[in-house]
Number of protein chains: 2
Amino acid sequence: MPKIVDKDAMRVRIMEAAMQCYASQGFHAAKMSDIAKVAGLAKGTLYLYFKSKDQLTTALVKWIFQGIEQQIMPQRAVGTLDGYMAQIKMALDVTEETRIETRMFFEVLGPSFGSDEVVAEVAGFFERIGAQNAQQLDYLIQTGEVRSDIDSKATGRSIAALIDGMVTHRAMFGLGDERYRAMMKTTLEMICRGLKS
Amino acid sequence: MPKIVDKDAMRVRIMEAAMQCYASQGFHAAKMSDIAKVAGLAKGTLYLYFKSKDQLTTALVKWIFQGIEQQIMPQRAVGTLDGYMAQIKMALDVTEETRIETRMFFEVLGPSFGSDEVVAEVAGFFERIGAQNAQQLDYLIQTGEVRSDIDSKATGRSIAALIDGMVTHRAMFGLGDERYRAMMKTTLEMICRGLKS
DNA sequence: CCTATAAATGACCGTACGGTCATTATAAAA
DNA sequence: TTTTATAATGACCGTACGGTCATTTATAGG
């Protein structure tokens, strides 16, 4: 007899609203009432699904990174160095949406935001990306396309950091499209030459 | 006849206190009264030297980056690729203090923080680092140590972004010393191989 | 149509912090 | 020592926002 609601869908709806508000106003400026308005709910309702603003934000960050990872990871191990480079190129060539998310993370990853949980989540994300890179490299070493004297684990993790550096700088410092494209090109060449045996 | 004070020294004293508070508590958690206490002043006094917390923070960020730049830039153009690589290595191998500052910037660069001025300052910093790299590369191209078919401007700016990526990941994601050292090694090798003609 | 239970609401509260300003302290010069 | 302009102080104010909860609304089943 009671009213029944899809709680997971509701949580997603709220997280989407939060994302929108954080993107346009920033984390601190976005009020819970704003998020509620965007979600088409009353403020109090948010607290039925998330205990606090921090918890909502933590959930949001996890959700976003899980999304990115699901989008990236399935692209199964490619068999050639060229294929691997193409994969890196895709990672570098981010969408506008990712750029918005990047800006948001800057606030959320700051030390004033309570949860080390969020930092740990993001750290884990890059850890997995690094591990995937390492695996790729190991395979390409076996096929002989990549130098056998590199430390694949360290190199894989480094590549993850390098990509993040590029993506972050593009998002934060308004690097124009043509310019960034030139940067991508030289970066890819540098990495490729560095790996090739 | 009036009481006279060295205003610049006072501003520095306050910025140092702010830095300390931001580092330990984060930008948002640090209250003006905390900063005052650390500086050994009353809260109201801060407002004689900075119009607002935001302005204090903006000044602080500029001050820090100017310091870093002065520390880095004078290391005049080195004449060999090995010298250049050594310079990059130094940039990668950051001190604990820099790591603290890195964490702080994550908050301050977030979109909720009013001033695009700060972002512009940091953008300018990396722009200058990129330009310096480009200059170095141009020289090394002329001496024949570096491939002549690279886009030195784009490569220089990319290297700045790559370094920042590494440094940031170290600061944010608790990469251990040995591990980071291995990452530095492969990164340096990759860059070096990528540049060498 | 009624009822019981889940869901939604938004007025309200507490508090905490940035910023102000009337008052007090300080020190250089006369 | 007095004067006077500058510097420092900290109690106080306003307000804005996260979070609560008594009340109202919605709906599935009988």
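Rules of the game
- Residues numbered from 1 in each chain as written.
- Chains lettered and ligands numbered in written order.
- Predicted model: local features only at pLDDT ≥ 70, side-chain atom pairs only at ≥ 80, totals over all residues.
- Helix = DSSP H or I, 4+ residues; strand = E, 2+ residues; numbered from the N terminus.
- Buried ≥ 20, exposed ≤ 12 C-beta atoms within 10 Å, placed from the backbone.
- Contact = placed C-beta atoms within 7 Å.
- Least-squares fit on C-alpha atoms with pLDDT ≥ 70 in both.
- Core = buried A, V, L, I, M, F, W, Y, C linked by C-beta atoms within 7 Å.
- Domains from an automatic or database assignment.
- Nonpolar A, V, L, I, M, F, W, Y, C, P; charged D, E, K, R; others polar.
- Axes fitted to C-alpha atoms, helices over the stretch in contact; angles between N-to-C directions.
- Left-handed = near helix turned anticlockwise from the far one by under 90°.
- Arc of directions from axis to C-beta.
- Expected span 1.5 Å × (residues − 1).

Draft legend 1. A look at the overall build of chain A. Within chain A, the secondary structure is distributed over 9 helices and 0 strands. Ordered by position from the N terminus, the helices and strands of chain A form the series α-α-α-α-α-α-α-α-α. Taken along the three principal axes of its C-alpha coordinates, chain A extends 65 × 40 × 25 Å. Split into buried and exposed, the 197 residues of chain A put 37% on the buried side. Here the analysis covers contacts within chain A between residues at least 6 apart in sequence; of these, 67% occur between residues at least 24 apart.

Draft legend 2. Representation of the interface of chain A and chain B in the model. Chain A puts 38 residues into the contact, and the matching count from chain B is 39 residues. Breaking the side of chain A that touches chain B down by element, the ones donating at least two residues are helix H6 (96–108), helix H7 (116–142), helix H8 (152–172) and helix H9 (177–195) of chain A. Residue contributions to the side of chain A that touches chain B peak at 12 residues, all from H8 of chain A.

Draft legend 3. Representation of the environment of Leu81 of chain A in the model. All names here are of chain A. Examined against the element boundaries, Leu81 turns out to sit in helix H5 (residues 81–92). Looking at Leu81, the number of C-beta atoms within 10 Å reads 19, which means it is partly exposed. Sequence spacing of Leu81 and Ile141 is 60 residues, and the spatial spacing of their C-alpha atoms is 9.6 Å. Excluding residues that lie within four positions of it along the chain, Leu81 makes contacts with Leu140, Glu145, Val146, Leu195 and Lys196.

Draft legend 4. Broad picture of the relation of the copies chain A and chain B. Mapping chain A onto chain B leaves a residual RMSD of 0.1 Å; the transformation is a rotation of 180° accompanied by 0.0 Å of translation along its axis. In symmetry terms, the pair is related by a two-fold rotation axis. Ranked by how close their C-alpha atoms come to the rotation axis, the residues of chain A are headed by Gly165 of chain A, at 1.8 Å. Looking at the interface residues of chain A, 100% of them are also at the interface in chain B, so both copies use one shared face.

Draft legend 5. Representation of the nonpolar core. The biggest cluster of nonpolar side chains holds 101 residues, and the ones touching the most others in it are Ile14 and Ala18 of chain A together with Ile14 and Ala18 of chain B. If we skip the residues at most four places from it in the chain, Ile14 of chain B touches Ile35, Ala39, Leu46, Tyr49, Phe50 and Leu56 of chain B.

Draft legend 6. Examining the domain arrangement of chain A more closely. Residues and elements named next belong to chain A. In terms of domains, chain A is made up of domain 1 (1–50) and domain 2 (61–195). For domain 1 and domain 2, the distance between their C-alpha centres works out to 30 Å. On the side of domain 2, 5 residues touch domain 1, which itself brings 6 residues to the contact. A breakdown of the residues in the side of domain 1 that touches domain 2 according to their chemical character gives 4 nonpolar, 2 polar and no charged.

Draft legend 7. Local environment of the packing of H8 of chain A against helix H8 (residues 152–172) of chain B. As a packed pair, H8 of chain A and H8 of chain B sit with axes 7 Å apart at the nearest point and diverge in direction by 115°. Between H8 of chain A and H8 of chain B lies a crossing whose hand is right-handed. When H8 of chain A is examined against H8 of chain B, the residues Ser158, Ala161, Leu162, Asp164, Gly165, Met166, Thr168 and His169 of chain A are found in contact with a partner set consisting of Ser158, Ala161, Leu162, Asp164, Gly165, Met166, Thr168 and His169 of chain B. Here the contact of H8 of chain A with H8 of chain B is composed, by residue class, of 6 nonpolar, 8 polar and 2 charged.

Draft legend 8. Representation of the packing of H5 of chain A against H8 of chain A within the structure. Close contact between H5 of chain A and H8 of chain A brings their axes to 9 Å; oriented N to C, the two are set at 35°. Between H5 of chain A and H8 of chain A, the residues in contact are Ile88, Ala91 and Leu92 of chain A and Ile159, Ile163, Met166 and Val167 of chain A, respectively.

Draft legend 9. Focus on helix H2 (residues 32–39) of chain B. Residue and element names in this part refer to chain B. Among the residues of H2, those classed as buried are Ile35, Ala36 and Ala39. Angularly, the buried residues of H2 cover 100° about the axis, an arc narrow enough to put them on a single face. Elements in contact with the buried residues of H2: helix H1 (7–25) and helix H3 (43–49). In the segment just after H2, Gly40 is the residue with positive phi, at about 75°.

Draft legend 10. Region of the structure containing H7 of chain A. Along its 27 residues, H7 of chain A runs 38 Å from first to last C-alpha, staying within 8% of the 39 Å computed at 1.5 Å per residue. For H7 of chain A, every residue scored as buried is listed here: Val118, Val119, Val122, Phe125, Ile129, Gly130, Asn133, Gln136, Leu137 and Leu140 of chain A. Among the structural elements, helix H4 (53–72), H5, H6 and H8 of chain A together with H8 of chain B are those in contact with the buried residues of H7 of chain A.

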